[in-house]
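# Tertiary structure, described
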Amino acid sequence: MSDDIPFDKTLDLAPGVVEEVIPGVRRLLADNPSPFTFKGTLSYVVGRGHVAVIDPGPLDDNHIAALLDAVRGETVTHIFVTHTHRDHSPAAARIKAATGAVVLAQGPHRPARALHAGEAARLEASNDTEFKPDQALADGQIVEGSGWTIEAVATPGHTANHMAFAFKEGNLLFSGDHVMAWSTPVVAPPDGSMRDYMASLEKLRARAEPIYLPGHGGIVRDAPRFVEHYIQHRQRRDAAILQHLAKGETDIPSIVRAIYIGLDPRLVPAAGRSVLAHLEDLVARGRVASEGKPSIDAHYRLR
Ligand SMILES: [Zn+2]
């Protein structure tokens, strides 16, 4: 389904093992593999002595213990959270309680747009709605630690509050779920927004960092070119959806069957919501009309 992107599906790391992936950055894998999380969530430790944690991860006792073990004898001064999905943010409270670190993120979880009637019930179990940062970060904000500097880079799309973090001394970007080497992320309304996601990709394409460290999977190398592949992939998906609408396929299940050949059945609902994300954007851009508000059950036609 995404054969046009040069994915790297290798990650040679066992859960609980601390590895210095790049000088000055350690990573640790949580044992929460799934079709959405690949081999699991990666937590990162930046610096030595007085360190920052990026994405403390899920509420998993073993992972939290391993993360605290990894920084034993050091001081955790900052905890950065890329976004409020349950595989990234819930451990922040426990790591904060154990270390006294300050928790920084764009903000609490929120949908990307106003909810349609009846939509609230659909809100994802994967959202961490309890999370609240101690400090809300603005786009471009610089946070200085001991021997490290982090720039907050707002990258909404996968969630409305998604942030990437540029590690200045390492000339790299912690890309969260926005850009990953193994797969594209789910972009599903109402929490996600295709329009925001594309704008965030264009923002990253213009940045210089050659290396991204994502929330799942291995290192993204030659990152600006990889981001370009991501952008082209979504543009081709737009074109495919328009083509199927032209053929008279008017509902999301038909379009999913036509586009996602051989898809893992566990991913079919997410694929439907991804097509909805594209359609929502195409409706906003005046290319497509929907009966009523764009929704998973609506019918669509070309304009
Ligand atoms: Zn996520």
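Structure: above.
In what follows, the accompanying structure is described. (Residues numbered from 1 in each chain as written. Predicted model: local features only at pLDDT ≥ 70, side-chain atom pairs only at ≥ 80, totals over all residues. Heavy atoms only, no water.)

### Examining the overall build of the chain
In plain terms, the rule: The secondary structure listing takes helices from DSSP runs of H or I that are at least 4 residues long and strands from runs of E that are at least 2 residues long, numbered from the N terminus. For this measure, only C-alpha atoms enter the radius of gyration; the expected value for a globule follows 2.2 Å times N^0.38, where N is the number of residues. Exposed residues in this analysis have more than 50% of their type's maximum accessible area, buried residues have under 20%, and partly exposed residues fall in between, with area computed by a 1.4 Å probe over protein chains only.
Broken down by element type, the chain carries six helices and 15 strands. Taken over C-alpha atoms, the radius of gyration comes to 19 Å for the chain, in line with the 19 Å a tight globule of 303 residues would show. Dimensions of the chain along its principal axes, counting C-alpha atoms only, are 65 × 40 × 35 Å. For the chain, with 303 residues in total, the buried portion stands at 55%.

### Considerations on the pattern of salt bridges
In plain terms, the rule: Any carboxyl oxygen of Asp or Glu within 4 Å of a side-chain nitrogen of Lys or Arg constitutes a salt bridge here.
Counted under the stated rule, the structure contains 17 salt bridges. A salt bridge links Glu74 to Arg26; the shortest N-O distance between them is 2.9 Å. With Glu74 in the loop between helix H1 (61-70) and strand S5 (75-80) and Arg26 in strand S2 (residues 25-29), this residue pair connects regions lying 48 residues apart in the sequence. Side by side, Glu74 and Arg26 carry an identical accessibility label, which is buried. Across the salt bridge formed by Arg266 and Asp264, the nearest N and O atoms sit 2.8 Å from each other. It is possible to trace a salt-bridge network through shared partners that takes in Glu151, Lys168, Arg207 and Glu209.

### With respect to the pairing of strand S3 (residues 42-46)
To keep things clear, this is the line we draw: For two strands to count as paired, DSSP must find a minimum of two bridges between them.
Counting buried positions over the five residues of S3 gives five, a clear majority of the element. Taking every second residue as pointing to the same face, both faces of S3 are buried, with Leu42, Tyr44 and Val46 on one and Ser43 and Val45 on the other. By the bridge criterion, five bridges tie S2 to S3 in an arrangement that is antiparallel. Within S3, the residue paired with Val25 across the bridge is Val46. Summarising the sheet, S3 and strand S4 (residues 50-54) pair through three bridges and their orientation is antiparallel.

### Digging into the coordination of the zinc ion
For clarity, the cut-off: Each metal's donors are the N, O and S atoms within 2.8 Å of it, or within 3.2 Å when it is Na, K or Ca, and because water is not part of the set, sites may look incomplete. Every angle between 85 and 135 degrees makes a four-donor site tetrahedral, while opposite donors more than 155 degrees apart, with all other angles between 65 and 115, make a four-donor site square planar and a six-donor site octahedral; other sites are irregular.
His83 (NE2), His85 (ND1), His158 (NE2) and Asp177 (OD) make up the full set of protein donors to the zinc ion, lying at 2.2 to 2.3 Å. Seen from the zinc ion, its four donor atoms lie at angles of 87 to 173°, and the figure they make is irregular. All donors to the zinc ion come from one chain, and their sequence spacing reads H-x1-H-x72-H-x18-D. You can see His83 sitting in the loop between S5 and helix H2 (92-99) and its partner His158 sitting in the loop between strand S9 (149-154) and strand S10 (163-167), a full 75 residues away along the chain.

### Focus: the sheet that holds strand S1 (residues 19-22)
Put simply, the rule reads: Note on definitions: a residue-residue contact is assigned when non-hydrogen atoms from the two residues lie within 4.5 Å. The axes used here are C-alpha line fits, helices contributing only the stretch in contact, and every angle between their N-to-C directions lies in the interval 0 to 180 degrees.
Taken in spatial order, the seven strands of this open sheet run S1-S2-S3-S4-S5-S6-S7, and their pairing is mixed. Since the sheet does not close on itself, it has two edges, and those belong to S1 and strand S7 (135-136), each with one partner. Contacts between H1 and the sheet are confined to S2, S3 and S4, with S2 contributing the most and set at about 160° to the helix.

### Observations regarding the environment of Ser89
Note on placement: Ser89 falls in the loop between S5 and H2. A relative accessible area of 1% places Ser89 in the buried class. Sequence separation of Ser89 and Asp251 is 162 residues, and the distance between their C-alpha atoms is 35 Å. Not counting residues within four places of it along the chain, the set of residues in contact with Ser89 comprises Gly57, Val81, His83, Thr84, Asp128 and Phe131.

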